Amino acid sequence: MRSVLFSLLLTAALFAQRQPVIGIGGIVHETNTFNPKKTTLADFETGIGGAKGTLRGSEVITLSANANNTTAGFIEGARQYGLDLHPTVVAGPQTIGVVLDSAFNALTGELIEGFRRAPRLDGILLFLHGTMVAESYPHADAEVVSRLRRAFGDKLPIIVVHDFHANVSEEIVKLSTVLLTYKECPHLDAKERGVQAARIMADVVSGKVKPVQTIVKPPMMLNILFHNTYAEPLKPVTDESKRVEQNPKVLAASVAGGYQYADIPAMGPSVIVVTDGDAALARREADRLSNMLWNLRERLAFKAPPAAEAVKTAMSNGKYPVVLMDAGDNIGGGAAGDSTFILAELLKQKAEGWVMVISDPGAVQHAIQSGVGGQFDMAVGGKTDNLHGDSIRIKGRVKGIHDGRFVEPAVRHGGGRYWDMGVSAVIELEGSSLDMPNLILLTPKRIIPFSLNQLISVGIYPERMKILVAKGTIAPRAAYEPVAARIIEVDSGGVTGMNPARFEYKHVRPNLFGMK
Ligand SMILES: [Zn+2]
């Protein structure tokens, strides 16, 4: 009798301690619909920065826990707010073109199967970039949530975290219980938003809050040139979204910049406000933040120097290093990483003391064959497609060959920690002086310039250079601002050129401000 009583008590105690089981997973793809190269399932295996692209099962936890990304935030939030996590799959490839239906269906299927295997499922924390486009699904993120709803019903709490560059639609806001986006660009709050989502989830499953949410989209395109949330003109809007969240009735207030390289109806910025049961408050605050964005438009006229002017300005700046953001070859935004427009100008104008990274596997092989100290003579760059300039013959010396791995312990854009460029070579160009060498770092993979350790790890000292070329627009600022005397966003050509006039749009909403 006593043992029966004991086991009953034990069962009761275990039951009382039972924590909600929350599935976590994600498909994180920023689709550049102007990039002709489609995204395959294999591309999902190669991740951003050469890190593993798709994490499965327990590696979702082990390989994310000490990073500063959104999954790390889910893990930290679960610990803080008493949730048991059931990891499934988190897939995050580099940005390329439209996702093949076969890849999209396979990953979504894997995600759903993963959630089905949970011992119990009290909710889902989902990390979706917010601008994934599959062949048959222009708003593929909404399709993911729609399939989850079909599999698990309308009642299951599903909380979605999007990137700041999400093109959010009304549809996905209706399908999800709560949707929030990164507030910051560069994305230094990736982890914080994961923690916030877990906190809201804990309150939802315990019945403490009943979320309602509203989305408002101002009729505009917010050019990537203005996505820096740490500076005018956008900073006051970002600050205000944080202030709105101080109202205890507000669970989340997001202002997402959108992603202009996706030719879809949802393209453009969004404001999403989530409150505890107060639809009118959500609407009011969303309208107010949306109006703040709309009222900035006089300050949002696109203007940036082309490559020739930018190089000239950088050379004569007086204070160094000057960072040239090669916006047209924004790797994080889906470009080739081998554009030569700025390289051509550096050579033509005889600039000194510059470094540029170019993704070119063939050129790396040539350097490896020559060996350290050997001669290098080969045309580099401009090989991926016909959008990023011509290959340019480079003569010089192989200064170093490196295994290409590096670690970024600090919080940088997106919160990645472990990087792998692949075996890479540093070429010192003919005519370089010892004090002011001209250097090209050749990598076999496209590596987003989110960490200065990319250069430091191969023996390049960024602060001693005069000109640093970063293949990005705003995101690399978190890494480069600490050493930069000046940053110039260059209106360079390429599949991520900042000027929308470079592209032909067919599916965006008509008459958006900022498209001309
Ligand atoms: Zn982003």
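Residues numbered from 1 in each chain as written. Predicted model: local features only at pLDDT ≥ 70, side-chain atom pairs only at ≥ 80, totals over all residues. Heavy atoms only, no water.

> How do you make sense of helix α11 (residues 307-315) when you look at a structure like this?
The periodicity of an α-helix, 3.6 residues per turn, causes residues three or four positions apart to be oriented the same way. Those residues of α11 not exposed but buried are A307, A310, V311 and A314. The arc enclosing the buried residues of α11, seen along the axis, measures out at 95°, which places them on a common side. Among the structural elements, β10 (322-326), α12 (341-348), β18 (467-470) and β19 (486-490) are those in contact with the buried residues of α11. (Buried < 20%, exposed > 50% of the residue type's maximum accessible area, 1.4 Å probe, protein only. Helix = DSSP H or I, 4+ residues; strand = E, 2+ residues; numbered from the N terminus. Arc of directions from axis to C-beta. Contact = heavy atoms within 4.5 Å.)

> Before we go on, may I ask you to explain the coordination of the zinc ion in this structure?
When a metal carries six donors in an octahedron, the ideal angles between them are 90 or 180 degrees, while four donors in a tetrahedron ideally lie at 109.5 degrees. Taken together, D163 (OD), D163 (OD), H165 (ND1) and H187 (NE2) make up the protein donors of the zinc ion, found 2.1 to 2.8 Å from the metal. Around the zinc ion sit four donor atoms; with metal-centred angles ranging over 50 to 145°, the donor geometry is irregular. (Donors = N, O, S within 2.8 Å, 3.2 Å for Na, K, Ca; no water. Tetrahedral: all angles 85-135°; square planar, octahedral: opposite > 155°, others 65-115°.)

> I would appreciate a short explanation of the layout of surface pockets in the present structure.
Think of a ball as big as a water molecule: rolled over the atoms, this probe shows where empty space is left. By volume, the second largest pocket is sized at about 360 Å³. For the second largest pocket, the lining is made up of 20 residues, of which K37, Q94, I96, A336 and R446 are closest to its centre. Here the lining of the second largest pocket is built from residues that sort into seven nonpolar, eight polar and five charged. (1 Å grid on protein atoms, 1.4 Å probe; cavity = no way out; pocket = protein on both sides within 12 Å on 5 of 7 lines; lining within 4 Å. Points joined across faces, edges and corners; volume = space filled by probe spheres on them. Nonpolar A, V, L, I, M, F, W, Y, C, P; charged D, E, K, R; others polar.)

> Quick question: what am I supposed to make of the side chain of N167 here?
Within the secondary structure, N167 is located in the loop between β5 (158-162) and α7 (170-175). Apart from the residues within four sequence positions on either side, N167 is in contact with G130, T131, H139, K217, G258, Y259, A262, I264, A266, M267 and G268.

> For this particular structure, what's the right way to read the nonpolar core?
For soluble globular proteins, nonpolar side chains are generally found buried alongside one another. Within the largest apolar cluster, 71 residues are counted, with the highest numbers of intra-cluster contacts made by L125, I200, M267, V273 and L293. Ranked by the residues each element gives to this core, the list is headed by helix α8 (residues 190-205), at seven residues. With sequence-adjacent residues up to four places away left out, V273 is seen in contact with V212, Q213, T214, V250, A252, A253, A282, E285, A286 and L289. Residues V99, F104, F115 and L179 belong to the second largest nonpolar core, which totals 34 residues. (Core = buried A, V, L, I, M, F, W, Y, C linked by side-chain atoms within 4.5 Å.)

All quantities given are derived from atomic positions and should not be read as evidence of function.
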